[in-house]
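# Summary of the model geometry
The residues making up each chain are set out below.
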Amino acid sequence: MRKFFIILNLVIISTGLMAQTKDAGKQNNATDSLLNSISNDAPNRPVAIFKSSRLILSQTTETVKKHNLNFLIIHRFGDLAGKNGGGQFFYGFDDIADVYLGFEYGVSDNLNVDIGRSTIGGLADLELKYAILHQTTDGSSPVAITVLGEGALRPYGFVTYPTFGDRVSYLAQVLVARKFSPGLSLQLTPTLVSNNSTVPLTPGSEERFFALGATARIKVTNHMGLIFDYSHPFSSFRNSGNGFYDPLGAGIEIETGGHVFTINVTNARAVSEINYLNDTQSNFAKGQFRIGFTISRMFDLNSRKKESR
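Residues numbered from 1 in each chain as written. Predicted model: local features only at pLDDT ≥ 70, side-chain atom pairs only at ≥ 80, totals over all residues. Heavy atoms only, no water.

### Regarding the overall build of the protein chain
Across its full length, the protein chain carries 3 helices and 12 strands. Looking at the protein chain as a whole, 47% of its 309 residues are labelled buried. (Helix = DSSP H or I, 4+ residues; strand = E, 2+ residues; numbered from the N terminus. Buried < 20%, exposed > 50% of the residue type's maximum accessible area, 1.4 Å probe, protein only.)

### Notes on the sheet that holds strand S11 (residues 259-266)
Spatially, S1-S2-S3-S4-S5-S6-S7-S8-S9-S10-S11-S12 is the arrangement adopted by the 12 strands of the closed barrel, whose pairing is antiparallel. When the angles between neighbouring strand axes are averaged without regard to direction, this sheet yields 20 degrees. (Pairing = 2+ DSSP bridges. Axes fitted to C-alpha atoms, helices over the stretch in contact; angles between N-to-C directions.)

### Observations regarding a nonpolar patch on the surface
Taken together, the side chains of Leu184, Ile218, Val220, Leu226, Phe228, Ile252 and Ile263 define a hydrophobic patch exposed on the protein surface, amounting to about 500 Å² of accessible area. Of all the secondary structure elements, the ones that give two or more residues to the nonpolar patch are strand S8 (208-221) and strand S9 (224-234). With respect to the helices and strands, the residue isoleucine 252 is situated in strand S10 (residues 248-256). (Patch = residues over 30% accessible without salt bridge, like charges linked within 9 Å, V, L, I, M, F, W, Y side chains within 5 Å. Areas by Shrake-Rupley, 256 points an atom, 1.4 Å probe, with all protein chains shown as cover. Salt bridge = Lys/Arg side-chain N within 4 Å of Asp/Glu carboxyl O.)

### Topic: the pattern of salt bridges
Between side chains of opposite charge, a pair can form when the charged atoms approach closely. Inspection of the entire model under this criterion finds 8 salt bridges. When the shortest N-O distance is used, the salt bridge between arginine 54 and glutamate 127 registers 3.7 Å. Of this pair, arginine 54 sits in the loop between helix H2 (30-35) and strand S1 (68-77) while glutamate 127 is found in strand S4 (residues 124-133), placing the two residues 73 residues apart along the sequence. Comparing arginine 54 with glutamate 127 shows no difference in burial state: the two are buried. For aspartate 79, the salt bridge identified is with arginine 290, shortest N-O distance 2.3 Å. Residue aspartate 79 is located in the loop between S1 and strand S2 (96-106), and its partner arginine 290 is located in strand S12 (residues 290-300); the two are separated by 211 residues in the primary sequence.

### A closer look at the packing of aromatic side chains
Overall, the coordinates contain 8 aromatic pairs when judged by the stated rule. Ring plane angle 55 degrees and centroid distance 5.8 Å describe the contact between phenylalanine 90 and phenylalanine 93, whose orientation is recorded as tilted. For phenylalanine 93, a relative accessible area of 38% gives the class partly exposed. Taken together, Phe77, Phe90, Phe93, Phe261 and Phe293 form an aromatic cluster joined through their ring pairs. The aromatic ring of phenylalanine 180 is capped on one face by arginine 178, whose charged end is 5.1 Å from the ring centroid. The ring of phenylalanine 299 has arginine 297 lying over it, and the distance from NZ or CZ to the ring centre is 5.3 Å. (Phe/Tyr/Trp six-rings, centres within 6.5 Å; stacked < 30°, edge-to-face > 60°. Lys NZ or Arg CZ within 6 Å of the ring centre and 35° of its normal.)

### Notes on the confidence of the model for the protein chain
Across the protein chain, pLDDT averages 84, with 83% of residues at or above 70. Contacts for the low-pLDDT stretch residues 305-309, under 50 throughout, to residues beyond four places or in other chains number 0 contacts. (pLDDT = per-residue confidence, 0-100. Contact = heavy atoms within 4.5 Å.)

### Here we look at the pairing of S11
Of the two faces of S11, the one lined by Val260, Thr262, Asn264 and Thr266 is fully buried and the one lined by His259, Phe261, Ile263 and Val265 carries no buried residue. When S10 meets S11, the two strands line up antiparallel, connected through 8 bridges. The partner of glycine 249 across the bridge, within S11, is threonine 266. When S11 meets S12, the two strands line up antiparallel, connected through 8 bridges.

### Comments concerning unusual backbone geometry
For the bond running from valine 199 to proline 200, omega is -5 degrees, close enough to zero to count as cis. Within the secondary structure, proline 200 sits in the loop between strand S7 (184-195) and S8. Although it is not a glycine, phenylalanine 90 adopts a positive phi angle of roughly 50 degrees. Mapped onto the elements, phenylalanine 90 comes out in the loop between S1 and S2. Here the phi dihedral of tyrosine 91 falls at roughly 55 degrees; this positive angle occurs in a residue that is not glycine. Topologically, tyrosine 91 is positioned in the loop between S1 and S2.

### Digging into the side chain of threonine 61
Mapped onto the secondary structure, threonine 61 falls in the loop between H2 and S1. With residues near it in sequence (within four places) discarded, threonine 61 still touches Ile49, Phe50, Ala144, Thr146, Leu175, Val176, Ala177 and Gln187.

### Concerning the side chain of arginine 76
Within the element layout of this structure, arginine 76 appears in strand S1. The charged side chain of arginine 76 is buried without a salt bridge, its nearest counter-charge being aspartate 98 at 6.2 Å. Within the local environment of arginine 76, its side chain forms a polar contact with the backbone oxygen of alanine 268, the two atoms lying 3.3 Å apart. (Lys, Arg positive; Asp, Glu negative; His and termini not counted. Polar contact = N/O pair within 3.5 Å; in protein donor to acceptor, adjacent residues only side chain to side chain.)

### As for the environment of alanine 211
With respect to the element layout, alanine 211 can be found in strand S8. Here the alpha-carbon distance between alanine 211 and phenylalanine 234, two residues 23 residues apart in the chain, equals 5.4 Å. The contacts of alanine 211, once residues within four sequence positions are left out, are Thr189, Pro190, Thr191, His232, Pro233, Phe234 and Leu277.

Here's what the structure looks like:
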């Protein structure tokens with residue numbers, strides 16, 4: 001698996017500039033308003049690499065456009081199989097692993113402010129997301145680069161923290177993506193996780209560590225795609241010998257009018273990057289994977305001008 005990411009990185013770096021043009025003049029539809037990502041790419045326009053700002057585990061380089069508000073509902077059920085799954089728990093549908101409710105607001109086309117809350121630990125997060133560079137249709141910029149900074153607080157949970165500051169964690173990401181063809185988009189996500197206290201509170205757990213994520217989207221139809229998400233924490237503590245496993249997910253992304261709907265299967269119980277990178281202890285081989293879904297709904301808060309007659 002690590003060889004795959006090394007090869008993937010070399011491909012992104014070494015691939016020659018690729019111009020991507022599409023027919024101009026297509027009328028914006030309801031899906032376009034979801035991210036204001038118009039499909040009639042003209043020369044030297046930004047390329048819409050992904051259809052939404054989030055996939056299964058990872059966020060994407062896409063940002064919510066100015067004065068738009070994206071409402072997110074992300075849900076993970078319980079284990080499909082294993083001792084905590086199967087028919088006795090209706091294959092996970094009788095259980096809830098995590099639920100995330102969040103809002104993403106476009107301060108500008110390139111700058112987003114995001115807030116959200118997860119069920120696990122009651123984790124409340126505040127994010128700033130900024131698109132530094134866009135892939136362009138004329139090939140002058142072969143990749144898109146977005147940076148993300150997040151601070152998160154655990155106000156609740158079953159852990160007693162000595163001080164308020166021990167409840168805080170931070171995350172920094174650089175998202176690098178490229179649309180190689182109309183049917184294939186790839187992204188690499190170097191990540192730094194920093195906790196004021198170890199998560200979980202187990203001897204040997206590091207407070208800070210590096211992780212690398214990889215994401216792929218394969219187009220099936222104009223309104224449907226297959227998505228894959230994987231992350232590897234570079235941590236001497238977070239390994240299978242200590243009961244930790246790399247987060248992995250696969251799913252289907254569907255555009256339905258003004259919504260983007262994703263249904264997926266993943267071994268990660270948590271939705272938040274801070275939670276699942278710190279503490280994924282579910283093993284696919286033991287049936288410890290679950291069905292989840294994401295609903296993304298965009299609201300356009302721009303003031304509309306009256307059309308002149």
